[in-house]
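Examination of the molecular architecture
Each chain is listed here by its residues.
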Amino acid sequence: MTSSKGTDIADQRPSDAVMLSAAKWRATLYAGDASAEDWVAFTDWMEGSPDHATAYDIVSESEAEFVDYFERYPEEPLEEKTVQARWQPWAIAASVALLIVTSLSFLPGVLTSNPEPMRIATAPGETREFEIASGLDVTLNGDTLLVQSGEDPSKFELVSGETLFAVGSDYSSGIEVSLGSLTILDRGTVFNVSTGPREHRISVSEGAVELLTTNQTYVLEAGQIGKFDIANGGLQIEPFDPATIGSWTERRLQYTGASIDQVLSDASRIIGSTIEAGSCAPAADFAGTIQLSGNADEDVSLIADLMGCTAQTTPGGWIFAN
């Protein structure tokens with residue numbers, strides 16, 4: 001598992017140190033002499049924390065505004081240095097970051113009062129862990145997109161995929177997670193949320209969460225899983241073994257009753273390739289444990305056998321057949 005424990009990204013802008021690092025990287029990469037090692041190091045730095053990508057975007061996107069500003073007001077102290085760099089945006093990057101760090105109000109519009117949402121994503125087959133803030137950790141399964149509100153850092157939207165939330169006592173404000181018409185309210189707990197083709201699943205291992213649907217409010221306590229039907233908006237609550245929460249981080253899928261579509265959706269995130277049900281239609285929902293090995297061919301073959309079907313390769317992955 002690729003693990004990333006970054007700085008607190010609940011703040012509305014990255015720290016001064018991160019901003020300066022972003023400016024240095026901008027200058028290094030666009031000076032024209034960056035080495036292959038520099039690009040590898042830059043990639044590692046960008047993946048180290050969502051804050052890094054945010055800071056780099058701010059520096060990059062602010063260059064044009066600062067250049068235009070200095071042209072309109074040449075009496076500014078940095079006028080000479082900036083004008084010389086007019087045709088070399090990479091050289092302006094450090095000055096841009098320094099100005100952002102020293103004064104957020106220096107140039108209106110560079111940093112808006114309503115920051116853009118923070119997007120945290122993983123590629124298919126990739127698992128990553130982030131420290132959002134002190135006492136708030138999230139672990140993303142493969143092919144997942146989690147969006148943190150720019151206006152309220154305690155609000156999230158799980159657009160797709162699966163995320164394990166760990167909310168400690170020192171994050172007393174709690175968090176809110178939305179999935180379409182379903183809203184999850186947490187007040188300090190550990191819970192897992194996954195999207196699916198037909199249902200969303202919310203399981204709790206510690207504490208409790210409130211689930212707000214269009215018409216009703218439910219409470220899920222430790223040892224319970226809620227299955228939200230996307231089509232009719234209904235919620236089914238069942239017992240759940242708290243010890244199994246987040247078992248997907250160890251490539252283990254556990255079910256008390258899941259459709260083939262749900263199983264293949266979950267497996268696709270971990271394996272990193274699309275697996276379609278095709279004509280495979282088991283007579284009953286699947287109940288049991290599937291331990292994946294990390295070898296895609298072996299794992300797909302194992303799942304096909306458990307479903308009583310065969311697997312055929314496609315350009316994008318696999319499709320099952322009776």
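Scroll up for the structure.
Since the model is a prediction, treat every value here as computed from it, not as a measurement.

Over its 12 residues, helix α6 (residues 260-271) extends 16 Å from the first C-alpha to the last, a length consistent with the 16 Å expected when each residue adds 1.5 Å. Extensive coverage of α6 is indicated by the burial of 10 of its 12 residues. Within two residues after α6, glycine 272 carries a phi angle of roughly 95°, on the positive side.

A complete count under the given rule lists 7 salt bridges for this structure. The shortest N-O distance in the salt bridge between lysine 227 and glutamate 238 comes to 3.2 Å. Taken together, the positions of lysine 227 in strand β14 (residues 224-229) and glutamate 238 in strand β15 (residues 235-239) put the pair 11 residues apart, joining distant regions of the chain. Of the residues examined, lysine 227 reaches a relative accessible area of 9% and is grouped as buried. Under the relative-accessibility criterion, glutamate 238 is labelled buried at 18%. Shared partners join several salt bridges into a network, and the residues in it are Glu162, Arg201, Asp266 and Arg269.

This next bit is on the side chain of serine 205. In this structure, serine 205 sits in strand β11 (residues 199-206). Since its relative accessible area comes to 14%, serine 205 is described here as buried.

This part is about the sheet that holds strand β19 (residues 310-314). The strands making up a sheet associate through hydrogen bonds between their backbones, and the pairing can be parallel or antiparallel. Spatially, β17-β20-β19 is the arrangement adopted by the 3 strands of the open sheet, whose pairing is mixed. One side of each edge strand has no neighbouring strand; the edge strands of this open sheet are β17 (274-276) and β19. Between one strand axis and the next, the sheet turns through 25° on average, direction left out of account. Alignment of β17 against strand β20 (residues 317-321), held across 3 bridges, turns out to be parallel.

Inspection of the secondary structure assignment puts asparagine 192 in strand β10 (residues 190-194). Side-chain polar atoms of asparagine 192 contact the side chain of tryptophan 248, separated by 3.0 Å. Each residue touching asparagine 192, except ones within four places of it in the same chain, is listed here: Glu162, Thr163, Leu164, Arg201, Ile202, Ser203, Ile245, Gly246 and Trp248.

Phi is positive for aspartate 143, which is not a glycine, with a value near 55°. Residue placement: aspartate 143 occurs in the loop between β4 (136-140) and β5 (145-148). With relative accessibility at 43%, the residue aspartate 143 sits in the partly exposed group. Residues other than glycine seldom take positive phi values, yet arginine 251 does so here, at roughly 60°. Structurally, arginine 251 is set in the loop between β15 and β16 (252-258). Look at arginine 251 and you get partly exposed, because its relative accessible area is 40%.

Right, let's get into the state of the cysteines. If you walk through the whole model with that rule in mind, you get 1 disulfide. There is a disulfide in this structure between cysteine 280 and cysteine 309, and the S-S distance comes to 1.9 Å. Given an S-S torsion of about 80°, the disulfide between cysteine 280 and cysteine 309 has right-handed geometry. Separated by 29 residues along the polypeptide, cysteine 280 in the loop between β17 and β18 (286-291) and cysteine 309 in the loop between α7 (296-307) and β19 bring together distant segments of the chain. Here cysteine 280 and cysteine 309 have matching classes, each one buried.

Criteria and thresholds
- Residues numbered from 1 in each chain as written.
- Predicted model: local features only at pLDDT ≥ 70, side-chain atom pairs only at ≥ 80, totals over all residues.
- Heavy atoms only, no water.
- Helix = DSSP H or I, 4+ residues; strand = E, 2+ residues; numbered from the N terminus.
- Expected span 1.5 Å × (residues − 1).
- Buried < 20%, exposed > 50% of the residue type's maximum accessible area, 1.4 Å probe, protein only.
- Salt bridge = Lys/Arg side-chain N within 4 Å of Asp/Glu carboxyl O.
- Pairing = 2+ DSSP bridges.
- Axes fitted to C-alpha atoms, helices over the stretch in contact; angles between N-to-C directions.
- Polar contact = N/O pair within 3.5 Å; in protein donor to acceptor, adjacent residues only side chain to side chain.
- Contact = heavy atoms within 4.5 Å.
- Disulfide = S-S within 2.5 Å.

That's the geometry; what it means functionally is another story.
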